[in-house]
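Descriptive structure summary
One letter stands for each residue in the lines below.
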Amino acid sequence: MKKSLLIILTFALLGFSSCEKEKETITETIDSSKPSGAFTASKTGTLVAQNGTPTAGTVQSGKDASGTWYFKLASNFITELATGTASVYLSTSSTFVASPGSGNPDLQLVGIVKSNGEAFYKLASMPASKFTHVIIWCGSANIPFGNAPLQ
Amino acid sequence: MKKILFAFFLMFFCSEVSFGQSGWTKEKSNLFLSLDYQFYQSKDFNNSKGDNIITDEFKQNTVSLYGEYGLSNRFSANAHLPIYRTNGYQNTETVSGLGDLRLELKYALSKGKFPVSISVAPEFPTGAKNLQSKSTLNSFDQINLPTGDGEFNLWTTAAISHSFYPIPVYVSAFSSFNYRTKFEQRNFQNQLLSGVELGYKLVNKVWVSGKVSVLNGIGPKPKFADFIRGDGTTYTGVSFNVLYEIGKHYGINVKYFRPTDLIVKSRNNYDANIFSVGVVYSKKR
């Protein structure tokens, strides 16, 4: 019996040794048109990864040559998109504080990220000064992928 | 006679409920089938670093068919197919589809006191490769929750077993290498799955077994985590199985599985109690 167990356990060790609310649908229209002329940044931030994602890169808000406001993800932008999309939000803090009942005063949706790299999102106007951060958000799992303070 | 019955049990039930990870193979023309329902739900996600984070609740249901047939006294043909799987988060749509078909050819290297088997099992991407689960809260969030991993991969397994008859105890050990390929532009990390299983006849017609298995990644770690396709997933799995024999041919099988950090850290998967219940059928020539 002991010999039998020893043989079985030896075999196993060979394998182990190589291991070590109430729902309300919100509809948003995203304008992803490109800036005309040169884009001039007024605020810039560097993303800090959260929850083990590879999120990194530069984010900026600014105007194009015609004075239209845009939000930019730089060419070095990267996040976790293996399982779907992520959303970009302007936020009053580094924490995603949703309050759909009162119109989400601490958040402003910027756009949807479907691929890594450079992307522009047209804004209706200059972002309000209360929005001090950018958050990359995975709405399906309800977790942040990263955030950046805007300065 | 008892010894023969015990041997039949080992060949008909024990190996199959563990996906053929034993040294026994089917005798010629012998058949084993199982229909299994598996369920889990969890908010506790272990990310690619092994850190636990809380997400919205993820749920998965799977109905699977498994079969094993003795082609000869040394060769067995096995097949496993998740015939219906659903995936979804608490605030996304539930998506569903077929899973990936796994076929296995198993060969008995030796059939003595320590039966040893080797097997090759290609897994085909028969499942839905992309299934977008849309948010029920807004019009823009969605997550890809496919029911198949989208790749062709190949499992090769070596296993050894031993019966301690007349003590109604058996033990098996196995090691499997999963050669993974790619889906779209992503190369999947290869995997090594190893484990030990101990089974015991508790009372008449009731068998219990426990297994510890280790799944680890081999080669470069994936840059992006994709838990639903199992890329970069590691764990130490602990499982318990209870089989109740009904007559000569049928049985009810109940299984519990949980990924843990015991030997290898649980990464890129949900920390969940995974339950399954199934009906098994066996027929000898």
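**Some words on the overall build of chain A**
The number of helices and strands found in chain A is one helix and nine strands. Along chain A, helices and strands appear, N-terminal first, in the series α-β-β-β-β-β-β-β-β-β. Within chain A, the proportion of its 151 residues that are buried is 32%.

**Quick notes on the sheet that holds strand S3 (residues 58-63) of chain A**
Residue and element names in this part refer to chain A. Sheet architecture is open: four strands sit in the order S1-S3-S4-S7, paired in antiparallel fashion. The strands lining the two open edges of the sheet, one partner per strand, are strand S1 (40-46) and strand S7 (119-122). Direction aside, neighbouring strands of the sheet carry axes that sit 20 degrees apart on average. For S1 and S3, the ladder comprises six bridges, and the chain directions are antiparallel. Bridge assignment links Ala41 to a residue of S3, and that residue is Gly62.

**Brief notes about the sheet that holds strand S6 (residues 107-113) of chain A**
All names here are of chain A. In spatial order, the strands read S2-S9-S8-S5-S6; together these five strands make up an open sheet with antiparallel pairing. The open sheet has two edge strands, strand S2 (48-49) and S6, and neither has a second partner. As defined by bridge partners, strand S5 (residues 86-91) adjoins S6 across six bridges and the pair is classed as antiparallel. Residue pairing in the sheet places Ala86 in a bridge with Val113 of S6.

**Details of the pairing of strand S6 (residues 116-124) of chain B**
All names here are of chain B. Of the two faces of S6, the one holding Ser117, Ser119, Ala121 and Glu123 is buried and the one holding Val116, Ile118, Val120, Pro122 and Phe124 is not buried anywhere. Here seven bridges tie strand S5 (residues 101-110) to S6, and the two strands are oriented antiparallel to one another. By the bridge assignment for S6, Lys106 is matched with Ser119. Of the strand pairs in this sheet, S6 and strand S9 (residues 153-163) are connected by eight bridges, and their pairing is antiparallel. Bridge pairing in S9 places Ser119 opposite Thr157.

**Side note on the pairing of S5 of chain B**
Remember that side chains alternate between the two faces of the sheet whenever the strand is regular. Residue and element names in this part refer to chain B. Alignment of strand S3 (residues 75-89) against S5, held across six bridges, turns out to be antiparallel. Paired with Ser76 across the bridge in S5 is Lys106. Counting the residues that bridge the hairpin from S5 to S6 gives five residues.

**Considering unusual backbone geometry**
For residues besides glycine, phi is generally negative; the peptide bonds are generally trans as well. All names here are of chain B. A cis amide bond links Tyr165 to the next residue, Pro166, at an omega of 15 degrees. Relative to the elements of secondary structure, Pro166 occurs in the loop between S9 and strand S10 (169-180). Phi is positive for Ser29, close to 70 degrees, though the residue is something other than glycine. For Ser29, the location among the structural elements is in the loop between helix H1 (2-14) and strand S1 (31-46). Of note in this structure, Glu184 is not a glycine but carries a positive phi near 55 degrees. By secondary structure assignment, the location of Glu184 is in the loop between strand S11 (182-183) and strand S12 (186-187). Residue classification places Glu184 among the exposed residues on the basis of 8 C-beta atoms within 10 Å.

**With respect to the confidence of the model for chain B**
Detailed reading of the predicted coordinates is not advisable wherever pLDDT is low. Residues and elements named next belong to chain B. For chain B, per-residue confidence averages 92 on the pLDDT scale, and 93% of positions sit at 70 or higher. Within chain B, no element has a lower average pLDDT than H1, which sits at 51, and none a higher one than strand S4 (residues 95-97), at 98. Predicted complex, confidence summary: ipTM 0.80, pTM 0.87.

Conventions we followed
Residues numbered from 1 in each chain as written. Chains lettered and ligands numbered in written order. Predicted model: local features only at pLDDT ≥ 70, side-chain atom pairs only at ≥ 80, totals over all residues. Helix = DSSP H or I, 4+ residues; strand = E, 2+ residues; numbered from the N terminus. Buried ≥ 20, exposed ≤ 12 C-beta atoms within 10 Å, placed from the backbone. Pairing = 2+ DSSP bridges. Axes fitted to C-alpha atoms, helices over the stretch in contact; angles between N-to-C directions. pLDDT = per-residue confidence, 0-100.

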